[in-house]
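# Topology and contacts: notes
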Amino acid sequence: MKTTCTTLLAVLSLTFSAICYGQVNLTSNENPRGVYKLTGIIDKTGTRIKAPFDQYKICTDSVTLMMSVQGNRFSLGKNDRKVFNYTGEEPDAHDATATRIFDSNAEHFTLKWWSTYSSHLIFPNNDWCTEFYESGQYSQKGRLILNALMSPPASDPKNPLVGTWRILGQMDELRDVKKELKRLKENPAKNIYNVITPFHLIDFSGSYGDIYPLEFINKKSIKINLKVHGIKWLTKDIVAIEVYKNDNAGIDYQILERMPNQTVLEAVASRYVIH
């Protein structure tokens, strides 16, 4: 799986570079590779409308992921269940309602899929829905999430919390830290990661996530979503953040371990890759 994950990240790195610096002389029969934003839809009345959703397709050789952003919440999953490769606009000879990918290159692609929604405001019932995607287009929050998902772990000498972290689990009162850390490392919380920037905490919890405003107060405390949380450093790369405080029950801590090399996408790719 390491080879697959590495390939996936390499593809995305190359396509992100191409998106940032622009492309010229592109044909329109290429496989879409990179990150594309939904920009328009032909709705059930046959009218092309501006995209009503903040939605993205992350297209690689191994998997196609869809990310949707709504407010400070987002989802990330394998909704399409197939790698997006160029098909052309003509119907599939063996499946008349098979999804079609055309007018496709590093800058844009068109997706045509068969909708069976019976009473959707936008999607038709038993008819084609056409969606238009463009690279290099992001909402402010979409860009923040994608950077957190795909960028190599960052660091900041002025703020030791900046970086990419995996959640090991929770610890009560930090009793017997050495023993508890061993237990958590052997059975860490699955697929839960935090990316901390100077001003945000982006929480990737399985298929869903949240963006929280963050303020670094000092090495012993931070403010997340306007609430102050105490911090205890167990090692230089393992931190305990106070998540619950009760005068009678004591304090519970969430334990985070720094990820020095992996991106979040690389860490979670194995559960999405098509084998």
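Quick notes on the rules
Residues numbered from 1 in each chain as written. Predicted model: local features only at pLDDT ≥ 70, side-chain atom pairs only at ≥ 80, totals over all residues. Heavy atoms only, no water. Helix = DSSP H or I, 4+ residues; strand = E, 2+ residues; numbered from the N terminus. Contact = heavy atoms within 4.5 Å. Phe/Tyr/Trp six-rings, centres within 6.5 Å; stacked < 30°, edge-to-face > 60°. Buried < 20%, exposed > 50% of the residue type's maximum accessible area, 1.4 Å probe, protein only. Lys NZ or Arg CZ within 6 Å of the ring centre and 35° of its normal. Lys, Arg positive; Asp, Glu negative; His and termini not counted. Salt bridge = Lys/Arg side-chain N within 4 Å of Asp/Glu carboxyl O.

Here asparagine 225 lies in the loop between strand 13 (221–224) and strand 14 (227–233). Setting aside residues no more than four positions away along its own chain, asparagine 225 makes contact with Tyr212 and Pro213.

With that out of the way, let us pick up the packing of aromatic side chains. On inspection of all chains with the given rule, the structure shows 11 aromatic pairs. With centroids separated by 4.9 Å and ring planes inclined at 80°, the aromatic side chains of tyrosine 36 and phenylalanine 109 adopt a geometry described as edge-to-face. Taken together, the residues span a long stretch of sequence, with tyrosine 36 in strand 1 (residues 34–42) and phenylalanine 109 in strand 7 (residues 108–116) at a distance of 73 residues. Take tyrosine 36 and phenylalanine 109: they sit in the same class, and that class is buried. Their ring planes at 80° and their centres at 6.3 Å tell us that tryptophan 113 and tyrosine 117 sit as a pair that is edge-to-face. Joined through ring pairs, the aromatic side chains of Tyr36, Phe84, Phe109 and Tyr133 make up one cluster. Above the plane of the ring of phenylalanine 132 lies arginine 48, whose end atom (NZ or CZ) is 3.7 Å from the centre. Positioned above the aromatic ring of tryptophan 233, the side-chain terminus of lysine 219 is 5.7 Å from the ring centre.

Here aspartate 43 lies in the loop between strand 1 and strand 2 (48–50). The buried charged residue aspartate 43 lacks any salt bridge partner; its closest oppositely charged side chain belongs to lysine 44, at an N-O distance of 8.4 Å. Contacts of aspartate 43, omitting those with residues within four sequence positions, involve Ile49 and Ile122.

Our next topic: unusual backbone geometry. You will see that arginine 81, though not glycine, has its phi angle at about 60°, which is positive. Its location among the elements puts arginine 81 in the loop between strand 5 (73–77) and strand 6 (100–102). Note on arginine 81: relative accessible area 66%, which makes it exposed. The phi dihedral of aspartate 176 is positive, around 50°, even though this residue is not glycine.

Shape is all these values report; function is a separate question.
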